[in-house]
Amino acid sequence: EMKVILTGVAAQSVEISTTSTEVRTTTTDVTISWEFAQGGIQVVDDEKIPDGGDYDENTTLTLTMVQSTGKSNIPLYVGFVNCNKVLNTYDEASSLQLRLTNTNLPSAADPDITFHYDADINLCSQLVITLDVGTVADVPWALGTQDQVNNITISIAGDEWQQNGSIEIIEVDGVVQGLQWTFIPQGADVVLAARKTMLINLENIITSHPTGEANLYLNYQYVPGYKDGQFVCQIEKAPLTFDNKVRVGMRENLSGLLNVKDGISIHEDGKLRFDTGTYSQMIDLYSENNGIGIQSNTVYFRSGTNFAWYQGGSPTGGEIDPGDGGTVFMVLKNGNLGIGTTAPSDKLHVNGRIKDKTGYVIPVGTIVPYG
C-alpha cells in the first residue's frame with residue numbers, strides 16, 4: 001500500500017451575490033494517473049491484479065469545494081434559548097431551541113446576512129447540523145446512540161427553509177461517528193436582517209448517556225460574502241433541567257415551579273425546613289383543603305373531612321378505605337373519633353373493650369348506678 005499526499009490543493013472560487021448569474025461549482029473531479037516502465041515493477045501478489053492481467057492506470061477522486069473567500073467572521077450569535085440541558089433519565093424526551101441572531105447594527109454598511117437560493121440545490125447556501133453518536137461504553141460524550149439521535153426531529157421555524165435530503169450518516173473507518181441534517185432555502189433567498197433571529201427546533205431528544213456535555217456542530221456554507229465556518233454549541237445531559245421551571249427526572253408540565261419524579265431523598269442527618277416568615281399552610285396535599293401548616297405554637301394537620309390511620313394495604317380512591325389487605329386502626333370523622341370502626345357515631349366510639357392498667361375499665365357483670 002502506498003499513500004500519496006497532495007498538499008496545497010486549491011481551486012479558483014467564484015463570489016456569488018444575490019443578483020449574480022455566474023455558476024459556482026461545489027465539487028470537482030481530480031484524475032490521478034501513473035505508468036510503470038516495462039520491467040520496472042515487481043508484482044508481489046498477482047491476486048490483486050484485475051482480470052485481464054492489467055492494473056488500473058488512473059483513478060478519479062471527487063473533491064468537495066470549500067468556500068475560503070470572503071469575511072472570516074460571520075456576524076451571528078448562536079446559542080440555546082432558555083437552557084442547553086436535556087434529561088438523561090427514564091427515557092424522558094427533551095426539546096431544545098437553537099437561536100441564530102444577526103448581531104449587525106441596522107446602521108452598518110451591509111447589515112443583512114443573505115442565505116442564497118438556487119434552482120440547483122447544490123449551489124444553495126447551507127446550514128448543516130451534526131451530532132455525535134455512539135454507545136455509552138465507547139462514546140460517553142456523545143448525545144446518544146445512533147438510534148436515539150436518528151429519532152430526533154430537527155426543523156427551522158417558519159417556511160423559508162427545507163431539509164435537503166434525509167439524515168446523513170458520518171462514518172470514519174467504517175464506524176458511525178455522527179448524524180447530519182442539511183437545510184437549504186426553500187424557493188427564495190432567506191434574508192436575516194440586522195438584530196433579527198431565526199430558531200432551529202430540536203424535538204424528541206432521548207438519551208441515557210452519562211451526565212456531561214455533548215457537542216452540536218452548526219456549519220454554514222456558501223453564504224455570500226463569508227467564508228465557510230462552524231459554530232460548536234454544547235448540550236448538557238443531566239437528570240435536572242430548567243427553563244421556566246426546574247425539573248428533576250421529568251419533562252411533564254406540572255403546575256409547580258419544582259417538579260420531581262420518584263420523590264426526594266434526604267440524608268439521615270438532613271433537615272427539611274419551611275421558613276415562610278408568616279403563619280401558613282406550608283404543604284398542600286392534593287388541594288388547599290388538605291395539608292400541613294403552622295400557627296402560633298401549633299402545627300396543624302388539615303383535612304376536608306377525615307383523618308385515618310391504616311396498617312398495610314395500598315392507596316385507593318375510596319373514603320376511609322385501607323385498600324386490599326389493609327386494616328383501619330383509627331379514624332377521625334366529622335369530629336368523632338372511632339377505634340376499630342370506620343363510622344364513629346359519638347365523640348369517642350370504640351368497637352371493643354377498653355382497658356387501663358388494672359384491666360377492663362368496666363368488667364362484665366359490674367352493677368353500675370345511674371340516674
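A brief look at the structure comes next.

What counts, and where the lines are drawn
- Residues numbered from 1 in each chain as written.
- Predicted model: local features only at pLDDT ≥ 70, side-chain atom pairs only at ≥ 80, totals over all residues.
- Heavy atoms only, no water.
- Salt bridge = Lys/Arg side-chain N within 4 Å of Asp/Glu carboxyl O.
- Helix = DSSP H or I, 4+ residues; strand = E, 2+ residues; numbered from the N terminus.
- Buried < 20%, exposed > 50% of the residue type's maximum accessible area, 1.4 Å probe, protein only.
- Pairing = 2+ DSSP bridges.
- Axes fitted to C-alpha atoms, helices over the stretch in contact; angles between N-to-C directions.
- Patch = residues over 30% accessible without salt bridge, like charges linked within 9 Å, V, L, I, M, F, W, Y side chains within 5 Å.
- Areas by Shrake-Rupley, 256 points an atom, 1.4 Å probe, with all protein chains shown as cover.

### A few points about the pattern of salt bridges
Within the structure shown, the criterion is met by three salt bridges. Measuring nitrogen to oxygen at the nearest pair gives 2.9 Å for the salt bridge that ties Glu236 to Lys85. Of the two residues, Glu236 sits in strand S15 (residues 229-238) while Lys85 sits in strand S4 (residues 85-87), which places them 151 residues apart along the sequence. For Glu236, a relative accessible area of 23% puts it in the partly exposed group. Between Glu92 and Lys261 there is a salt bridge; the shortest N-O distance is 3.6 Å. On the criterion of sequence distance, the pair formed by Glu92 in the loop between S4 and strand S5 (94-102) and Lys261 in the loop between strand S18 (258-260) and strand S19 (280-285) is long-range, its members being 169 residues apart. Accessibility expressed as a relative area gives 17% for Glu92, which makes it buried.

### Thoughts on the sheet that holds strand S13 (residues 197-205)
Ordered in space as S3-S5-S13-S8, the four strands form an open sheet in which the pairing is antiparallel. For this open sheet the edge positions go to strand S3 (76-80) and strand S8 (153-156), each flanked by a neighbour on one side alone. Averaged over neighbouring strand pairs, the angle between their axes works out to 15 degrees when direction is ignored. Bridge count for S8 against S13 is four bridges, and the pairing is antiparallel. Pairing of Ile154 across the sheet is with Leu202, part of S13.

### Observations concerning a nonpolar patch on the surface
Together, Val4, Leu6, Val9, Leu61 and Leu63 give the surface a local cluster of nonpolar side chains, amounting to about 440 Å² of exposed area. Here Leu63 is to be found in strand S2 (residues 58-64). You can call Leu63 partly exposed: its relative accessible area is 31%.

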